[in-house]
Amino acid sequence: MMPQPPKLSTLYSPAVIANRVAAMGLEIRALYPPDSDANPTRITLIGVLKGSYVFLADLARAIPGPVEIEFLGVSSYNGTESSGNVRITHDLRADIAGRHCLLVEDIADTGLTLDYLRRALEVRGPASLRVAAFLDKPSRRIVPVQLDFIGFSIPDHFVVGYGLDYDQLYRNLPEVAILGKA
Ligand code: 5GP
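Residues numbered from 1 in each chain as written. Predicted model: local features only at pLDDT ≥ 70, side-chain atom pairs only at ≥ 80, totals over all residues. Heavy atoms only, no water.

### Describing helix α1 (residues 14-30)
This is how it is decided: The numbering of helices and of strands both runs from the N terminus, where a helix is a DSSP run of H or I of at least 4 residues and a strand a run of E of at least 2. Expected span of a helix: the number of residues minus one, times 1.5 Å. Burial status follows relative accessibility: with a 1.4 Å probe on protein chains alone, a residue under 20% of its type maximum counts as buried, one over 50% as exposed, and anything between as partly exposed. Along the arc lie the directions from the helix axis toward the C-beta atoms.
If you check α1, its first and last C-alpha atoms are 25 Å apart, about what 17 residues at 1.5 Å a residue would give, namely 24 Å. Where α1 is concerned, the buried positions are Ile17, Arg20, Val21, Met24, Gly25, Ile28 and Arg29. All buried residues of α1 fall inside an arc of 165° around its axis, so they share one side. Of the exposed residues in α1, the ones pointing more than 90 degrees away from its buried face are Ala15, Asn19, Leu26 and Ala30.

### Points about the site of the ligand
Put simply, the test is: Being near a molecule or strand, for a residue, comes down to having at least one heavy atom within 4 Å of it. A 3.5 Å cut-off defines polar contacts: any pair of N or O atoms within that distance qualifies, except that in protein one atom must be a possible hydrogen donor and the other a possible acceptor, and neighbouring residues in sequence count only when both atoms are side-chain atoms.
Neighbouring the ligand are 17 residues; Asp106, Thr110, Thr113, Val159 and Asp165 lie closest to it. Taking Glu105, its side chain carries an N or O atom lying 3.1 Å from an oxygen atom of the ligand. Here an oxygen atom of the ligand and a side-chain polar atom of Thr113 are 2.5 Å apart. Of all the secondary-structure elements, those providing two or more residues to the shell around the ligand are β5 (100-108) and α3 (112-122). Ranked by the residues each element gives to the shell around the ligand, the list is headed by β5, at four residues.

Below, the structure is given as C-alpha cells:
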C-alpha cells in the first residue's frame, strides 16, 4: 500500500485571514497613542521564529505608522508535542530598553513559550511589552499568559499553514488547516 498523504481541512481561508489581520493592525495602532509631541509611537515588532514569519509580514503592513522588525528564534517543539523546554536559538539584535515592544507569536498553546519569552524580555527594560498571537488555543493552557491581541481563538486541533508547520512542512500553505482531519 502507498502511504497516504496527511489530510488537511481548511479552518481559515486566505480571505478570512486577511480581513482579520487588517483589523488587528488598526486595533494595535489604536493602543499606542502618539507621544507628547504628537509623533506616532514607534512599535518594535518582535517576531518569534519560525512560525510567526508570515503573520509578522502581514501584520507589519497592516499597522499604520512607524514599526521596526526584530526576530527571536526559539525551539520548544518536537513534531506535534510541546516539550516545554524553551530555548532561545537566535537572540534580538537590538537593545529593546525603552522601546515599545510587541511580541508577535503564531499560536499560544500551553503558554510555556510566551511565559518564558515575556520574562526574558521584561528584564531588558522595554517601555512596554505586549503580545499579539495569531491563534489561541485556550483549552490547552498550562501557564496563564496575557494575550493583548488575538487573531482567532481555536479549539484543540493541530493546525498548519500561514507560517505554522508540521515537521517543517506546510508553512507556505496560504490558509490555516487542521492536520489529520478529512
Ligand atoms: P506553547 O509553548 O504555547 O505550548 O507553544 C507555542 C508554540 O508551539 C507555537 O509557537 C507553535 O510553534 C507551536 N504550536 C502549538 N500549537 C501548534 C499547532 O496547532 N500547530 C503548529 N504547527 N504549531 C503549534
